[in-house]
Amino acid sequence: MKKRVLLISYNFKPEPTGIGKYCGEQIQWLANRGYDCTVVTTYPYYPYWKVQEPYFSNRFLYSSEIQYFESGGRIKTLRCPIYVPAKPSGVKRIILDFTFLLSAGLRVLGLVASKKFNVVITVAPSFLIGFLGVMYKAIRGAKLIYHIQDLQIEAARDLQMIKNQRMVDMLFKLEKIIFNKSDVVSSISESMVDRIQSKAKKKVFLHPNWTDTSQFYPINDQESLKEQFGFQPMDKVILYSGAIGEKQGLEAILQAAHRFRDQEHWKFVICGSGPCKARLMDLAQSLSLQNLVFLPLQPFEKFNQFLNMADVHLVIQKSIASDLVMPSKLTTILAVGGLALITANPGTGLYTLVNKHKMGILVEAENQEALNTGIWNALAGASNESIRSAACAYAEKYLSIENVMQSFEEHVLSNSTDFSTTTNAALAPNEQELLEVNG
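Residues numbered from 1 in each chain as written. Predicted model: local features only at pLDDT ≥ 70, side-chain atom pairs only at ≥ 80, totals over all residues. Heavy atoms only, no water.

**Looking at the state of the cysteines**
Reasoning step 1: Under the defined criterion, the tally for this structure stands at zero disulfides.
Reasoning step 2: Its sulfur unpaired, Cys37 is 12 Å from the next cysteine sulfur, which belongs to Cys23.
Reasoning step 3: For Cys37, a relative accessible area of 0% puts it in the buried group. (Disulfide = S-S within 2.5 Å. Buried < 20%, exposed > 50% of the residue type's maximum accessible area, 1.4 Å probe, protein only.)

Written out as C-alpha cells, the structure is:
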C-alpha cells in the first residue's frame, strides 16, 4: 500500500534556492519512490519577495497542480494565498506567517475528510506551521514530523527583528507545544540539533540538506567560463551568490571591493535577490565601485558553469547568525570544488565542520580586516588546491541526496520513531557531522 505524505511549508518548488528548493527535491524523491505526496504551500516568492510568474495573477486565489510519476507516486500541490511584503521587516514577516497559517489551515481542514495521511511533515520557518500538523494529528492520528530549517525565534530575537522579550517568551512557549506533540523533531546541522534538544527535551534527528553531485561538479576550463559570463580570462572573480538579506551583512563585500579597487582584474560579484539588494546597490554607487557587479539569480541550467567560474566564493553572515542558520549555498560550492571563504567564529558548528575537513578558508565574522586579509590570501597567497580537493571529496562522500533521503526514509518515515542510536551513518560513518545549504 502506498504511503501517503502531507508536507506543509510556505516554501516549495519552483523556488530556486533555500527551503523551497529542498522541500521540492525531498518530495520529488519520495514521489519517485512511489509515495503519494500532497503539499500545502503558497505561490513561489523567495528570494525575490514577490510572487513569480506564471502565478502572479492568481496569487490571491487557491489553486492546485498534480504531477504523476512512473513509480506510481504523485505530487498534488495545493497553493494558498499569502501576504508577501516587498520589504520584509519583523512585523511584516509576522503578518506573512499568520496569513499562511490561516489560508493553509483552511486547506488542511479540507483534507481532514479525505483519505488519511500516514505522515505529516511541517517545515519551519514559520514555526507556527507546526500547529497545522498538530491539528491534523489530533483529528486523524498521523505521525507528525516537525523539521526545522532555521531557528526562527532565536534569529528574530538576536537580529533585533523582535525586541519585546515578553513576545519572545510567548513564542518559545508556543514552540514547546509543537515539540511536545511531534513524533519526530529534525534539523539540518549538529549544532542546531544540540540547541533544539536542549529546549525540546527530546531526541532530535539529524536531517541535513544535500546537493546533487550529478548536477554540480568541477569544470576545469575556468577561463572560457569567465568569458561566457562577461569577464576576461585573466580576471579574478570573487563571488557571492545567494539571498541578499539582513543576516548576511553583505556591506562587508562592498568595503572589500573598495579596499581592493586598485587591483585591476579583481572583480567582485553579488548574484541573487532579496530585501537588501536595492540598499546595497545604492551604497555601491555612492562608493563609485567600478569593480563590483550585481547580477540576478542565474538559470538552473547554467548554474554549475556559473559557480565554476569563480576563483573565490564568499560565504558571509553575521556572527549572531552563525549557529542559527547554516549557509545553504555552501553545499553547492563544495560540490564544484570551489574555494570558499567563510565568516565563522571558533566554537560554532560551521567553523568546527569546515576546520575539521580543511575544506574552506575561515575568517572571523564581522571583522572587515580579517575578510580583506582572507581575500588577499585566497587570490595572492599560496596554492589552495588542497582545499578545493577536500571540498569536492566531502561533497561526494557526505552530501548525496540519495544517502540523506535513504536515512530519512529508514529512520523517520518508518513506523518506528526510535532513532536514539542513529548517527546518520550513511552520511558520515562514525560521526555525526552536519551542514546546510542555499539561502
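**Comments concerning helix α5 (residues 165-181)**
Reasoning step 1: Compared with an ideal rise of 1.5 Å per residue, which puts 17 residues at 24 Å, α5 spans 25 Å between its outermost C-alpha atoms and is within 8% of the ideal.
Reasoning step 2: Those residues of α5 not exposed but buried are Val168, Leu171, Glu175, Ile178 and Phe179. Buried residues in α5, looked at end-on, bunch into an arc of 100°, giving them a common side. Of the residues in α5, the exposed ones pointing more than 90 degrees away from the buried face are Arg166, Lys173 and Asn180.
Reasoning step 3: The elements touched by buried residues of α5 are α3 (130-140), β6 (143-148), α4 (152-158), β7 (184-187) and α6 (190-200).
Reasoning step 4: Where α5 begins, one side-chain oxygen reaches toward the backbone nitrogen of Arg166, 2.9 Å away; that side chain belongs to Asn164. (Helix = DSSP H or I, 4+ residues; strand = E, 2+ residues; numbered from the N terminus. Expected span 1.5 Å × (residues − 1). Arc of directions from axis to C-beta. Contact = heavy atoms within 4.5 Å. Polar contact = N/O pair within 3.5 Å; in protein donor to acceptor, adjacent residues only side chain to side chain.)

**Description of the sheet that holds strand β8 (residues 204-206)**
Reasoning step 1: Spatial strand order, β3-β4-β2-β1-β5-β6-β7-β8: eight strands in an open sheet with mixed pairing. In this open sheet, the two strands that pair with only one neighbour each are β3 (63-68) and β8. Adjacent strand axes in the sheet meet at a mean angle of 20° when their direction is disregarded.
Reasoning step 2: With four bridges connecting them, strand β1 (residues 4-8) and strand β5 (residues 119-124) associate as parallel partners. Directly across from Leu7, in β5, lies its bridge partner Ile121.
Reasoning step 3: Helix-sheet contacts for α5 involve β6 and β7, and the interaxial angle to β6 is about 135°. (Pairing = 2+ DSSP bridges. Axes fitted to C-alpha atoms, helices over the stretch in contact; angles between N-to-C directions.)

**Regarding the sheet that holds strand β11 (residues 292-295)**
Reasoning step 1: Spatially, β11-β10-β9-β12-β13-β14 is the arrangement adopted by the six strands of the open sheet, whose pairing is parallel. Two strands close off the open sheet at either side, each with one partner strand: β11 and β14 (361-363). Adjacent strand axes in the sheet meet at a mean angle of 25° when their direction is disregarded.
Reasoning step 2: Here four bridges tie strand β10 (residues 266-271) to β11, and the two strands are oriented parallel to one another. Looking across to β11, one finds that Ile270 is bridged to Phe294.

**Notes on helix α13 (residues 368-380)**
Reasoning step 1: Relative to the 18 Å expected for 13 residues at 1.5 Å per residue, α13 spans 18 Å between its end C-alpha atoms, a close match to the ideal helical length.
Reasoning step 2: Listing the buried residues of α13 in full gives Ala370, Leu371, Asn372, Gly374, Ile375, Ala378 and Leu379.
Reasoning step 3: As for α13, its buried residues are in contact with β9 (236-241), α8 (251-259), β10, β12 (312-315), β13 (340-343) and β14.
Reasoning step 4: Measuring from the backbone nitrogen of Glu369 back to the side-chain oxygen at the start of α13 gives 3.2 Å, which picks out Asn367 as the cap.

**Side note on the packing of aromatic side chains**
Reasoning step 1: Applying the stated rule across the entire model yields 16 aromatic pairs.
Reasoning step 2: Taking 6.2 Å as the distance between ring centres and 20° as the angle between the ring planes, the aromatic pair formed by Phe303 and Phe306 counts as stacked. Residue Phe303 and its partner Phe306 are located together in helix α10 (residues 300-309), separated by three residues, close to a single helical turn.
Reasoning step 3: Three or more aromatic residues joined by ring pairs make a cluster, and in this case those are Tyr10, Tyr45, Tyr46, Trp49 and Phe100.
Reasoning step 4: The aromatic ring of Phe117 is capped on one face by Arg4, whose charged end is 4.4 Å from the ring centroid.
Reasoning step 5: Over the ring of Phe56 we find Arg59, and its NZ or CZ is 3.7 Å from the ring centre. (Phe/Tyr/Trp six-rings, centres within 6.5 Å; stacked < 30°, edge-to-face > 60°. Lys NZ or Arg CZ within 6 Å of the ring centre and 35° of its normal.)

These values are about where atoms sit, not about what they do.
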